[in-house]
Structure formats: structure tokens, C-alpha cells
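# Coordinate inspection notes
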Amino acid sequence: MTIWKKSVTINDLNNLCNNTLAETLGIRFTAINERSLQATMPVTATVHQPYGLLHGGASAALAETIASVASWMCIEENQWCVGMEINCNHVKGKRNGLVTAHAEPIHLGATTHVWDIRIMDESAKLICISRLTVAIIKSKSEAH
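Computed from a prediction, not measured in an experiment: that's the story for all the values here.

Calculation rules
Residues numbered from 1 in each chain as written. Predicted model: local features only at pLDDT ≥ 70, side-chain atom pairs only at ≥ 80, totals over all residues. Heavy atoms only, no water. 1 Å grid on protein atoms, 1.4 Å probe; cavity = no way out; pocket = protein on both sides within 12 Å on 5 of 7 lines; lining within 4 Å. Points joined across faces, edges and corners; volume = space filled by probe spheres on them. Helix = DSSP H or I, 4+ residues; strand = E, 2+ residues; numbered from the N terminus. Nonpolar A, V, L, I, M, F, W, Y, C, P; charged D, E, K, R; others polar. Buried < 20%, exposed > 50% of the residue type's maximum accessible area, 1.4 Å probe, protein only. Expected span 1.5 Å × (residues − 1). Patch = residues over 30% accessible without salt bridge, like charges linked within 9 Å, V, L, I, M, F, W, Y side chains within 5 Å. Areas by Shrake-Rupley, 256 points an atom, 1.4 Å probe, with all protein chains shown as cover. Salt bridge = Lys/Arg side-chain N within 4 Å of Asp/Glu carboxyl O. Pairing = 2+ DSSP bridges. Axes fitted to C-alpha atoms, helices over the stretch in contact; angles between N-to-C directions. Contact = heavy atoms within 4.5 Å.

Quick look at the layout of surface pockets now. Considered as a void within the structure, the largest pocket measures approximately 200 Å³ in volume. Forming the boundary of the largest pocket are Leu16, Cys17, Thr20, Leu21, Ala22, Ala61, Glu64, Thr65, Ser68, Val69 and Trp72. Contributing elements (two or more residues each) for the lining of the largest pocket: α2 (21-25) and α3 (56-73). The dominant element in the lining of the largest pocket, judged by the number of residues it contributes, is α3, at 6 residues. Class assignment of the residues belonging to the lining of the largest pocket gives a composition of 7 nonpolar, 3 polar and 1 charged.

Moving on, we get to the environment of Ser71. Looking at the secondary structure, you find Ser71 in helix α3. The spacing of Ser71 and His102 is 31 residues in sequence and 13 Å in space, taken between C-alpha atoms.

On to unusual backbone geometry, then. Unlike most non-glycine residues, Asn19 shows phi in positive territory, near 60°. Even without being glycine, Ala124 reaches a positive phi, approximately 65°. One can find Ala124 in the loop between β5 (112-120) and β6 (126-138). We classify Ala124 as exposed; its relative accessible area is 55%.

Before going further, it helps to spend a moment on α3. Over its 18 residues, α3 runs 26 Å from end to end, which matches the ideal 26 Å to within 8%, given 1.5 Å per residue. With 13 of 18 residues buried, α3 is to be regarded as a mostly interior element.

Further remarks concern a nonpolar patch on the surface. A surface patch of nonpolar side chains, about 240 Å² in accessible area, is lined by Trp80, Val82 and Ile137. Its relative accessible area of 38% is what places Trp80 among the partly exposed residues.

So, on to the sheet that holds strand β3 (residues 79-90). Think of a sheet as strands paired side by side through backbone hydrogen bonds, with each pair either parallel or antiparallel. The strand order β1-β2-β4-β5-β6-β3 describes an open sheet built from 6 strands, whose pairing is antiparallel. Sheet topology places β1 (28-32) and β3 at the edges, where each strand pairs with a single neighbour. The mean angle between the axes of side-by-side strands here comes to 25°, regardless of whether they run parallel or antiparallel. Sheet topology places strand β2 (residues 37-43) next to strand β4 (residues 97-108); 7 bridges connect them, and they run antiparallel. Note on β4: the bridge partner recorded for Met41 is Val99. Relative to the sheet, α3 contacts β1, β2, β3, β4, β5 and β6, its axis offset from that of β2 by approximately 155°.

What follows covers the pairing of β5. Note: β4 against β5, 8 bridges, orientation antiparallel. Residue Thr100 lies in a different strand from β5, and its bridge partner there is Met120. Taken together, β4 and the strand that follows it, β5, pair antiparallel across an intervening segment of 3 residues. Pairing of β5 with β6, which is carried by 9 bridges, proceeds in the antiparallel orientation. In the strand pairing of β6, Arg118 is matched with Ile129. What sits between the antiparallel neighbours β5 and β6 is a turn of 5 residues, in which Ala124 has the positive phi angle 65°.

Written as C-alpha cells, this is what we have:
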């Protein structure tokens, strides 16, 4: 059974990224499953730290992007979702190629969501494991 409350396509999700950090980093959504969302990010010099490796902040941005969008897909139209806390463990370096993030819910409550995000390389080796906690709030138009 699906967890999604919004009916969207991969194209819709990628269009959400227009003129955002996600677009700048080359993040592209690639799959929607019943309980998970997937996106990729190219590893090039634009996301490197000074040693020529994937910057941890770029991995964190990928993790927060995919899980925040997943939370948005799980909420009502009169709600917003905003990141509260992110944790990332960078377990393997990556110099080039493509990483794939996979987000699955740990908790989908009325006021918070918690997501498990795993970022893997092309060989399915773990690059980063992350957890994002998202607050679910009434939209501004509903709050006043």
C-alpha cells in the first residue's frame, strides 16, 4: 500500500527542482515506489571538496532534498513540511560518477516524519547514510 497522498510523476518532481539548489547540484528524481523515493546526483568538480572528493555538504543536500520531497508527497494540501534535523555519516569517498539516494520512512506521524536515506555508488556501495527529521506544520494561510 502506498504512503503517498499526492499523485505526481517523476517529471513533476524534477520540475519542483527548477531554480533551486537541487537543480544546481544536478539532482534528478528517478523512481517512486510504494514506500520509497529515489534520486541521483552526478559527482563532478562542482560537488567536490578541496581534496577532490564528494563534499559531505552535497551529500547532505541530496539527502535533505529527497526526504523533504518525500514528506511533501505524504502531507495534505493545507500543510507544509520543513527540515528540523539532519544527520549524515560519510562512510566512503567518491571522486566521480553518479550517486543514488534512496529514502524510506522510519516514522510518518501527524507532526513529524523521520526518513532513512542511503546514498550509494554505481556498485551499490554505501557512500553516506543519513536521517532527516521533518516537522509537519499548517501552511501560513491556514495558520492565521
